[in-house]
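Residue-level listing of the chains:
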Amino acid sequence: MPVAGLASVTAAASAERAGTRRAIVTAVAVAALAMTGFALIRISGGSPTPLNHLGYAPILLAAYVYGLRGSLPAAVLVSVLFGPTAAWLGMPGGLEGPQAWLIRAVFFVGISVVGGGLFDQLRSHIAAWQTAAVTIAQRERDGMVALARGAEAKDTDTGDHIQRVRSLAEVLAESADMPTDEAEAIGWAAMLHDVGKLHIPDRILLKPAPLTSEEWDLMRRHTVFGEAILSVGEGFETARRIARWHHENFDGSGYPDGLRREQIPLPARIVRVADAFDAMTSDRPYHTARSAEWALAELQRHASTQFDPDLVALFVYLAETGRLPLRNDNRSSDFAYRASGATERY
Ligand SMILES: [Fe+2]
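Residues numbered from 1 in each chain as written. Predicted model: local features only at pLDDT ≥ 70, side-chain atom pairs only at ≥ 80, totals over all residues.

(A) Local environment of the packing of helix 6 (residues 161–175) against helix 7 (residues 180–190). In the contact formed by helix 6 and helix 7, the axes pass within 8 Å of each other and the chain directions differ by 155°. Taken together, helix 6 and helix 7 sit at an angle that is classed as roughly antiparallel. Judged by the sense of rotation from one axis to the other, the crossing of helix 6 with helix 7 is right-handed. Judged by residue contacts, Val165, Arg166, Ser167, Ala169, Glu170, Ala173 and Glu174 of helix 6 engage Thr180, Glu182, Ala183, Glu184, Ile186, Gly187, Trp188 and Ala190 from helix 7. Along the lines of polarity and charge, the residues of the contact of helix 6 with helix 7 split into seven nonpolar, three polar and five charged. (Axes fitted to C-alpha atoms, helices over the stretch in contact; angles between N-to-C directions. Helix = DSSP H or I, 4+ residues; strand = E, 2+ residues; numbered from the N terminus. Parallel < 35°, antiparallel > 145°, perpendicular 65-115°, else oblique. Left-handed = near helix turned anticlockwise from the far one by under 90°. Contact = placed C-beta atoms within 7 Å. Nonpolar A, V, L, I, M, F, W, Y, C, P; charged D, E, K, R; others polar.)

(B) Fine view of the environment of Leu40. Residue placement: Leu40 occurs in helix 1 (residues 3–43). Taking the C-beta count within 10 Å as the criterion, Leu40 has 13 such neighbours and is therefore assigned partly exposed. For the pair Leu40 and Asn52, spaced twelve residues apart in sequence, the C-alpha to C-alpha distance is 9.1 Å. Those residues in contact with Leu40 that sit more than four places away from it in its chain are Leu51 and Leu54. (Buried ≥ 20, exposed ≤ 12 C-beta atoms within 10 Å, placed from the backbone.)

(C) Layout of the confidence of the model for the protein. In the predicted model, the protein carries a mean pLDDT of 84, and the fraction of residues at 70 or more is 86%. Element-level mean pLDDT values for the protein span from 37 in helix 15 (residues 339–342) up to 95 in helix 11 (residues 237–245). Confidence drops under pLDDT 50 across residues 1–6; counting only partners more than four residues distant or on other chains, this segment forms one contact. Of the regions scoring below 50 in pLDDT, residues 330–346 engages in 27 contacts with residues more than four places distant in sequence or in other chains. (pLDDT = per-residue confidence, 0-100.)

In structure tokens:
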């Protein structure tokens with residue numbers, strides 16, 4: 001069985017075990033509450049005491065956890081326990097007759113129907129809201145992908161760079177002890193890191209020769225252009241920060257703000273590594289793809305200057321232990337790599 005299939009079967013089995021455990025704990029809690037009420041009623045003189053209202057506690061607990069299918073059996077249990085049980089057992093204090101037991105049972109069952117029904121309805125509303133939230137999140141991500149692909153289309157032929165950067169950034173973020181949902185969000189936001197290139201003319205983006213200093217000045221502005229494009233609301237906050245600061249260097253020599261070390265937001269430092277690695281291992285107008293080994297060595301060579309050294313060490317460890325989603329066509333190249341200024345364009 002494929003690993004993903006095995007993982008989903010394991011997850012389903014573990015969810016089933018958790019559900020069974022929950023059912024047992026709930027049943028024990030309902031029975032314990034009912035028995036406690038029964039004991040208190042007997043100790044305090046019998047069924048006419050106000051303590052009969054304790055019967056609502058196990059019923060509402062069962063309603064909260066299981067809805068009507070839990071609260072109704074709980075109401076029957078409590079009605080029998082608080083009603084004829086003492087008389088059947090020959091216990092003192094049972095001053096009431098069947099009519100009082102029946103009236104009380106009607107109230108217990110009535111509360112169980114109302115409580116169980118309301119909790120069932122609440123649960124179905126929550127499920128509908130969750131479905132809507134997932135749909136909205138998916139559409140938001142579809143929008144991010146479309147926008148990122150639009151920018152990418154100007155830069156390369158395939159548009160796969162953004163997908164690879166997303167995967168690499170997500171794995172690196174999660175391995176850096178970030179919560180899974182945050183790591184995933186960083187991955188999605190990472191796809192928009194170069195969206196500012198929409199403002200850069202093709203004659204500069206696709207130029208196979210070294211850029212002039214004026215062209216470099218404009219090229220560097222893709223970071224601030226990206227931030228401006230993404231300044232449309234809180235939904236793009238992480239993407240906005242990544243777009244502005246993904247070319248900042250760890251030693252403060254990057255752009256656009258010359259931030260250094262922890263001044264650079266962690267998501268931007270993560271994308272800095274992932275983006276540079278993928279750029280080095282991909283064909284670009286100004287260089288040919290290099291092997292993963294070569295790119296890893298290059299990352300290490302520039303750790304503490306361009307890149308966060310801890311993230312580089314983690315990235316190399318992940319690559320060496322086979323935990324990075326590396327492309328299949330990583331390869332060595334005989335073409336001369338233009339070291340001069342080349343890393344600047346990652
Ligand atoms: Fe960039």
